[in-house]
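Reading the structure
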Amino acid sequence: MKRTPKALYRLLFVASVLLVWWLASTVLFPTVIPTVGGTLRTVWELLTGTQFYQQLWVTTQRVLLGFAIAFVAGLAIGTAMGRSKAVEAFFEMFIVIGTSQPGLFVSMIFLVALGLSSVSAVITLAYLATPIITVSIWQGAKRMDVNLEEVATVFGYSRVTRIRHVVMPQLAAPALSAVRTGLGITWKYVVMIEMLGLTDGVGYEVARSFQLFQLQSVIAWTICFLTFVLLVEYLVIRTIERRIYAWRDRAAGALQAPDTLAEDASLVANA
Amino acid sequence: MPEAAAVLEGVSKSYQAGAGGSIHVLDDLTLTAEQGAFVAILGPSGCGKSTILGILSGLLRQDAGIARIPPAHDIAYVFQTARLLPWRTIEQNLDITRAARLRQRGRPYQRSTADYLNAAGLGEYRSFYPAALSGGMQQRASIARALAVEPAMLLMDEPFSALDELTARMQRAFLLRTWRDYQSTIIFVTHNVLEAITLATSIVVVSARPARVLERIDVDVPRPRALHDPRVAVLQDRILALLGVDDGEPREERAVPMNVS
């Protein structure tokens, strides 16, 4: 019941984008902007061919590798910052600079310094995504529930039990937001790096079309790429999110105890 | 005299406070909890009662004096709020805690998790997350968690003070019933005089900071203890006088707030 209107509004959004595009390409700037039909045909060709998938795979590998390194680093630095004032002070400037650094310049520096290769792309992506992931984890680690920590101590929870049942559930929410923002940054910068200095990947293909003034092709590649990023969000990240927050939804939803005061009363009456 | 479950002898404790200063919390404090007793530690707010529990649980070390307490794996704790893991069901909360203790205690449990949940009236709600239960039920789950590790000594830090009076009464009745059933030693911190009189076998009245024992009073009022019992009123007056809260009002009036049942 609840799903239908939401899906409807999402479709409505896509329809309005297409409408504006159609108006722009036929009435407003017919000479500059490629037509909807022509572009969608190119999209279709891309999706039914193999070239797009090959290049997408190359790009995705860089993203996943760079993100994975950044996530591990962010997790380590972030939890250390949450636990120790010294580590916090040490990395503070890294966070401030890192979250506001101009990614384009950093990419240029890294590519020139490390060479125009896939490896330097991955290193650059990892470096660019680490600060933002660290921030999320750090904030989460700082807000650890001291009361539950005490429960774990009083009842002698082992290290493993503590991490699994007390620490990890609290880090799940900040970790998820770290995955979102971290992946967002790596998707954004990977195409830029490929444009700047690599010879394959989605970014490279788009740059080539751009140099040949094939705007229709640029848009088609962009659409295909964005569709893939959306699929990752809806199929992968949202599924993980639902699993993480299951306890919250179920606590607030269907499994609610009946009139609880009455229940308390009946317990004492049975005594 | 039965054997003592826990003894504090001449215990003192201070905390560092800011630049160079220190707060003297406990001063030459002595108390004994006999096996199976229900000892209430009663004193004004902020007198260091939680520090006493901290030392009894072995989490804090005293500066001076002797603390003879059971091994850590024989002690359970109930806090002012339930402190359950919100992302685990009630049953998982008990199971995780029991599993953690099992290795340390080195002997199997006598009863099952389900027994403790049923005793707390939570059998039907075992697969619920804590947030789906009322405050009273959550606190009962927290008591069930403490009992489920089958402790020799149960420490309780004002466990009903965050509940409304009606719910708190039901919880007290539940606690007395379980104490009779499980026969573990209970040390119960409170600043509620009537709560101490209704529940305890003996009351240790503690002064304001630094906490000293003003008097230890054995409560010989037979159970169930009615609040309108004259012996309860006499005890209440005696304790209030000890704590310096004697406002000269007639005794009947003082008992009124908890007399509504």
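Residues numbered from 1 in each chain as written. Chains lettered and ligands numbered in written order. Predicted model: local features only at pLDDT ≥ 70, side-chain atom pairs only at ≥ 80, totals over all residues.

Looking now at the overall build of chain A. Broken down by element type, chain A carries twelve helices and zero strands. Scanning chain A from its N terminus toward the C terminus, one meets helices and strands in the order α-α-α-α-α-α-α-α-α-α-α-α. Here the C-alpha atoms of chain A give a radius of gyration of 25 Å, more than 25% beyond the 18 Å that 2.2 N^0.38 yields for 271 residues. For chain A, contacts bridging at least 24 residues in sequence account for 72% of all contacts bridging at least 6. (Helix = DSSP H or I, 4+ residues; strand = E, 2+ residues; numbered from the N terminus. Rg over C-alpha atoms; globule rule 2.2 N^0.38 Å. Contact = placed C-beta atoms within 7 Å.)

Turning to helix 7 (residues 230-242) of chain B, a few remarks are in order. Residue and element names in this part refer to chain B. The end-to-end C-alpha distance of helix 7, which contains 13 residues, comes to 18 Å, matching closely the 18 Å that a straight helix rising 1.5 Å per residue would cover. Those residues of helix 7 not exposed but buried are Val232, Leu235 and Ile239. Viewed along the axis of helix 7, the buried residues span an arc of 65 degrees, placing them on a single side of the element. The exposed residues of helix 7 that point more than 90 degrees off its buried face are Pro230, Val234 and Ala241. Structurally, helix 7 contributes buried residues whose contacts are with strand 3 (38-42), helix 6 (193-199), strand 8 (202-206) and strand 9 (213-218). (Expected span 1.5 Å × (residues − 1). Buried ≥ 20, exposed ≤ 12 C-beta atoms within 10 Å, placed from the backbone. Arc of directions from axis to C-beta.)

Bringing the environment of B:Thr30 into the picture now. Residues and elements named next belong to chain B. Turning to its location among the elements, Thr30 is positioned in strand 2 (residues 21-34). Taking the C-alpha atoms as reference points, Thr30 and Gly10, separated by 20 residues in sequence, lie 5.1 Å from one another. Setting aside residues up to four positions removed in sequence, Thr30 forms contacts with Leu8, Glu9, Gly10 and Val213.

This part is about the confidence of the model for chain B. Residues and elements named next belong to chain B. When pLDDT is averaged along chain B, the result is 86, and 93% of the positions lie at 70 or above. In the model, residues 253-261 has pLDDT below 50 throughout and makes ten contacts with residues more than four positions away in sequence or in other chains. With a pTM of 0.78, the predicted complex shows an ipTM of 0.85. (pLDDT = per-residue confidence, 0-100.)

All names here are of chain B. Here three strands make up an open sheet; going across it, the order is 2-1-4 and the pairing antiparallel. Both edges of this open sheet fall to strand 2 and strand 4 (64-68), since each of them pairs with a single strand only. Averaged over neighbouring strand pairs, the angle between their axes works out to 20 degrees when direction is ignored. One ladder, built from ten bridges, connects strand 1 (residues 4-17) with strand 2; its direction is antiparallel. Opposite Tyr15, over in strand 2, you have Ile23 as the bridge partner. (Pairing = 2+ DSSP bridges. Axes fitted to C-alpha atoms, helices over the stretch in contact; angles between N-to-C directions.)

All names here are of chain A. Orientation of helix 9 (residues 202-211) relative to helix 10 (residues 215-244), taken along the N-to-C sense of each, is 160 degrees, at an axis distance of 8 Å. Relative to helix 10, the element helix 9 lies roughly antiparallel. Like other packed secondary-structure pairs, helix 9 and helix 10 cross with a definite hand, here left-handed. Within the contact between the two elements, helix 9 uses Val202, Glu205, Val206, Ser209 and Phe210 and helix 10 uses Ser217, Val218, Trp221, Thr222 and Phe225. For the contact of helix 9 with helix 10, the class distribution of residues is six nonpolar, three polar and one charged. (Parallel < 35°, antiparallel > 145°, perpendicular 65-115°, else oblique. Left-handed = near helix turned anticlockwise from the far one by under 90°. Nonpolar A, V, L, I, M, F, W, Y, C, P; charged D, E, K, R; others polar.)

All names here are of chain B. That bond from Arg209 to Pro210 is cis: its omega, -10 degrees, falls within 30 degrees of zero. Topologically, Pro210 is positioned in the loop between strand 8 and strand 9. For Arg83, which is not glycine, the phi torsion reads 50 degrees and is therefore positive. Along the polypeptide, Arg83 turns up in the loop between strand 5 (75-78) and helix 2 (90-105).

To continue, consider the sheet that holds strand 8 of chain B. All names here are of chain B. One open sheet holds the six strands; their spatial order is 5-6-7-3-8-9, and the pairing between them is mixed. Each having just a single partner strand, strand 5 and strand 9 make up the two edges of the open sheet. For this sheet, the mean inter-axis angle between neighbouring strands, taken without regard to orientation, is 15 degrees. Where strand 6 (residues 153-157) meets strand 7 (residues 185-190), five bridges bridge the pair, whose relative direction is parallel. Directly across from Leu154, in strand 7, lies its bridge partner Ile186. Against the sheet, helix 1 (residues 49-57) touches strand 3, strand 5, strand 6, strand 7 and strand 8, its axis set at about 155 degrees to strand 6.

Residues and elements named next belong to chain A. Two elements in contact, helix 2 (residues 36-48) and helix 10, have axes whose closest approach is 9 Å; the angle formed by their N-to-C orientations is 55 degrees. The pairing of helix 2 with helix 10 is recorded here as oblique in orientation. Crossing of helix 2 over helix 10 shows right-handed handedness. For the pair helix 2 and helix 10, contact is made by Gly38, Thr39, Thr42, Val43, Leu46 and Leu47 and by Gln216, Ser217, Ile219, Ala220, Trp221, Ile223 and Cys224, respectively. Residues belonging to the contact of helix 2 with helix 10 are distributed by class as follows: eight nonpolar, five polar and no charged.

What follows covers the domain arrangement of chain B. Residue and element names in this part refer to chain B. As far as domains go, chain B holds domain 1 (4-70 + 152-258) and domain 2 (85-151). Centre-to-centre, using C-alpha coordinates, domain 1 lies 25 Å away from domain 2. Every contact between the two is made by 13 residues of domain 1 and, on the other side, nine residues of domain 2. Residue assignment for the side of domain 1 that touches domain 2 shows that the elements contributing at least two residues are strand 6 and helix 5 (165-182). At seven residues, the largest contribution of residues to the side of domain 1 that touches domain 2 is made by helix 5. (Domains from an automatic or database assignment.)

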